[in-house]
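Chain by chain, the residues run as shown.
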Amino acid sequence: MKVFASKSYGTATTADVAKVAEVSQATIFKHFATKRDLFLATLARTTDLVLERWQDAAAAQPTPLDGLVSIAYAYSMMAATEQVPFRVRIRAVAESDDPVIQEAARASYVTVVGFLRDLIEKAKAAGQLPESVDAMAAAWYFLAVGQGFNLNHFMGFGWDQAILRELVANLFRGMSSGPAASATQPMWH
């Protein structure tokens, strides 16, 4: 993960990975047929890490909505505390010209969005979010805002607690309200 976080997929080598892992390149190729396979396994591990952190954050809360709020705070802090996995995820998006990496990155994002969608549905069922909330759209919105937290952190912007609280509050206002998209109005111009 450290190698793919610090170098692009194209410039990272299995020799770099072997050196950091303190193993031979032959050992790497006993487990992974290609560098791409190694990168895909690394990306899959980042997906697992995100889900583990989010599941822990949500499980520690008394309600689904409290779980979502806890995830929002955890997500905003992960870029500060666990940069390596998030840099790998960003690099996977940057490598989306490779159809195999693109599909793996898509699957990763669909997995984490599915987790959020399910939690949003639970919050709706508990009466904590309006029934009119489209859980899938809200999950993608949640993820997009979280990506913004991460990208801003990587650019050197920090968040004090007051700003972070307001950003999280706005996240939930954005999920809960706003005009419904018209079926006849195009989303993109």
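Quantities reported herein were computed from a predicted structural model and do not represent experimental measurements.

1. Let's talk about the overall build of the protein
Then step 1. Within the protein, the regular secondary structure consists of 9 helices and 0 strands.
Then step 2. Walking the protein from its N terminus toward its C terminus, one meets helices and strands in the order α-α-α-α-α-α-α-α-α.
Then step 3. Seen along its three principal axes, the alpha-carbon backbone of the protein occupies a region of about 55 × 40 × 30 Å.
Then step 4. The long-range share in the protein, meaning contacts at least 24 apart out of those at least 6 apart in sequence, stands at 68%.
Then step 5. Put simply, the protein shows about 10400 Å² of open surface, and 58% of that area lies on carbon and sulfur atoms.

2. A word on a nonpolar patch on the surface
Then step 1. On the surface, a nonpolar cluster with roughly 270 Å² of combined accessible area is contributed by V110, M136 and W140.
Then step 2. On the secondary structure map, W140 appears in helix 8 (residues 135-154).
Then step 3. Taking the relative accessible area as the measure of exposure, W140 reaches 37% and is therefore partly exposed.

3. Structural notes on the environment of G158
Then step 1. Its location among the elements puts G158 in the loop between helix 8 and helix 9 (161-176).
Then step 2. Assessed through its relative accessible area of 58%, G158 is described here as exposed.

4. Quick notes on the pattern of salt bridges
Then step 1. If you walk through the whole model with that rule in mind, you get 8 salt bridges.
Then step 2. Put simply, R53 and E52 hold a salt bridge, and the shortest N to O gap is 3.5 Å.
Then step 3. Given a relative accessible area of 29%, R53 falls into the partly exposed group.
Then step 4. E52 gets classed as partly exposed once you look at its relative accessible area, which sits at 31%.
Then step 5. Measuring nitrogen to oxygen at the nearest pair gives 3.8 Å for the salt bridge that ties K124 to E121. Taken as a pair, K124 and E121 lie in helix 7 (residues 99-125) at a separation of 3 residues, close to a single helical turn.
Then step 6. A residue is classified by how much of its surface remains accessible, and E121, at 36% relative accessible area, is partly exposed.

5. Quick word on the nonpolar core
Then step 1. Grouped together as the largest cluster of nonpolar side chains are 34 residues, with contacts concentrated most on W54, L68, I71, I120, F142, F172 and M175.
Then step 2. Secondary-structure elements contributing two or more residues to this core are helix 4 (35-59), helix 5 (64-81), helix 7, helix 8 and helix 9.
Then step 3. With 8 residues, helix 7 is the single largest residue contributor to this core.
Then step 4. Once residues within four sequence positions are removed from consideration, L68 is found in contact with L116, L119, I120, A123, L129, F142 and F172.
Then step 5. With 15 residues, the next largest nonpolar core counts Y9, A18, F39 and A92 among its residues.

6. Some details on the confidence of the model for the protein
Then step 1. Predicted confidence across the protein gives a mean pLDDT of 87, with 93% of residues reaching 70 or more.
Then step 2. For the protein, the element scoring lowest by mean pLDDT is helix 9, at 78; helix 7 scores highest, at 96.

Each value, and the rule that gives it
Residues numbered from 1 in each chain as written. Predicted model: local features only at pLDDT ≥ 70, side-chain atom pairs only at ≥ 80, totals over all residues. Heavy atoms only, no water. Helix = DSSP H or I, 4+ residues; strand = E, 2+ residues; numbered from the N terminus. Contact = heavy atoms within 4.5 Å. Areas by Shrake-Rupley, 256 points an atom, 1.4 Å probe, with all protein chains shown as cover. Patch = residues over 30% accessible without salt bridge, like charges linked within 9 Å, V, L, I, M, F, W, Y side chains within 5 Å. Salt bridge = Lys/Arg side-chain N within 4 Å of Asp/Glu carboxyl O. Buried < 20%, exposed > 50% of the residue type's maximum accessible area, 1.4 Å probe, protein only. Core = buried A, V, L, I, M, F, W, Y, C linked by side-chain atoms within 4.5 Å. pLDDT = per-residue confidence, 0-100.

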